[in-house]
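Read off the chains here:
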Amino acid sequence: MKTSRQHGLALTEIMLGTAIVALLAYTAAPLLVRSLDDRASKATADDFGIFQAAAEAHFKANRSAYESAMSDGTGAANLCKVGVDPTDGSGGLQANNTTLHTCAVDAKMLRFLQALPIQVHENNRYGEQWVAIFKQVYTTVAPIAPTGGVEMLVVSAQVTGTPSVVA
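Once a new chain begins, its residue numbering starts again from 1 and follows that chain's sequence as written. At least 70 in pLDDT is required for a residue's local features to be given in this predicted model, at least 80 for side-chain atom pairs to be given and counted, and no such filter applies to totals for whole chains, interfaces and linings, which use all residues. Only heavy atoms go into the side-chain values, all of them from the structure, while hydrogens and water stay out.

Peer 1: Looking at this model, I keep getting lost on the overall build of the protein. Mind explaining?
Peer 2: Summing up its helical and strand segments, the protein has four helices and six strands in all. Numbered from the N terminus, helices here are DSSP runs of H or I no shorter than four residues, and strands are runs of E no shorter than two. Each helix (α) and strand (β) of the protein, taken in turn from the N terminus, gives the series α-α-α-β-β-β-β-α-β-β. In this scheme, a residue with accessible area under 20% of its type's maximum is buried, one over 50% is exposed, and one in between is partly exposed, where area comes from a 1.4 Å probe on protein chains only. The 167 residues of the protein split such that 26% are buried.

As structure tokens, this is what we get:
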């Protein structure tokens, strides 16, 4: 008597293999997504810290110019801007308010001023720009007068071309 041998795979074996691979992919996908999101969050936090340090260092190096821009607007057209072309400083929007004593700069402006390290992106991983808003501190009792202090707030924002970022 001759015995026959089976060659190849049966359809049920292929289906079982496919089901196992699909199950593994289904369980691994959330882990991969979470890992990618964690990586993006860490990179964004790193960029935030670097941007904050760069904005602070640039402010300290140019403190008197920033204070003039915040108090009476002197030099604000060249210092307090958002949305400029980072290669030549053209365009953008002046972002200061002499009533509120504020001045804002974004990553593009700091890039143009050569104050932002090259490894920091102008937009974060969520498509928003880093913006540093400086505000002179004033006394809260009469007579209202500057204290000499300046506060800085760093935000991640969509800069749309309106100056409301410093309002």
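After presenting the structure, the write-up continues.
Peer 1: What is the right way to read the packing of helix α1 (residues 11-61) against helix α2 (residues 63-71) from this model?
Peer 2: Geometrically, a packed helix pair is captured by the angle between its two axes and the distance between the axes. For helices, the axis comes from a line fit to the C-alpha atoms of the stretch in contact; other axes are also lines fit to C-alpha atoms, and the angle between any two N-to-C directions lies between 0 and 180 degrees. Contact geometry of α1 with α2 gives a least axis separation of 5 Å together with a crossing angle of 90°. By the criterion of interaxial angle, the relationship of α1 to α2 is roughly perpendicular. Contact residues: α1 offers His58, Phe59, Lys60 and Ala61, while α2 offers Arg63, Tyr66 and Met70. Three categories are distinguished: nonpolar for Ala, Val, Leu, Ile, Met, Phe, Trp, Tyr, Cys and Pro, charged for Asp, Glu, Lys and Arg, and polar for the others, with Gly belonging to the last. Considering only residue class, the contact of α1 with α2 consists of four nonpolar, one polar and two charged. With respect to orientation, any angle under 35 degrees is reported as roughly parallel, any angle over 145 as roughly antiparallel, any angle of 65 to 115 as roughly perpendicular, and every other angle as oblique. The criterion used for residue contact is that any of the two residues' heavy atoms lie within 4.5 Å.

Peer 1: What is the right way to look at α2 in this model?
Peer 2: Two residues of an α-helix separated by three or four positions point the same way, owing to the 3.6 residues in each turn. Taken as a whole, α2 has its buried residues at Tyr66, Ala69 and Met70. The buried residues of α2 occupy an angular sector of 95° when projected down its axis, which confines them to one face. For α2, the secondary structure elements touched by its buried residues are α1, α3 (76-79), β3 (96-97), β4 (102-106), β5 (129-138) and β6 (146-157). Positive backbone phi, approximately 90°, marks Gly73, located one or two places after α2. As used here, the arc is the angular range of directions from the helix axis to the C-beta atoms.

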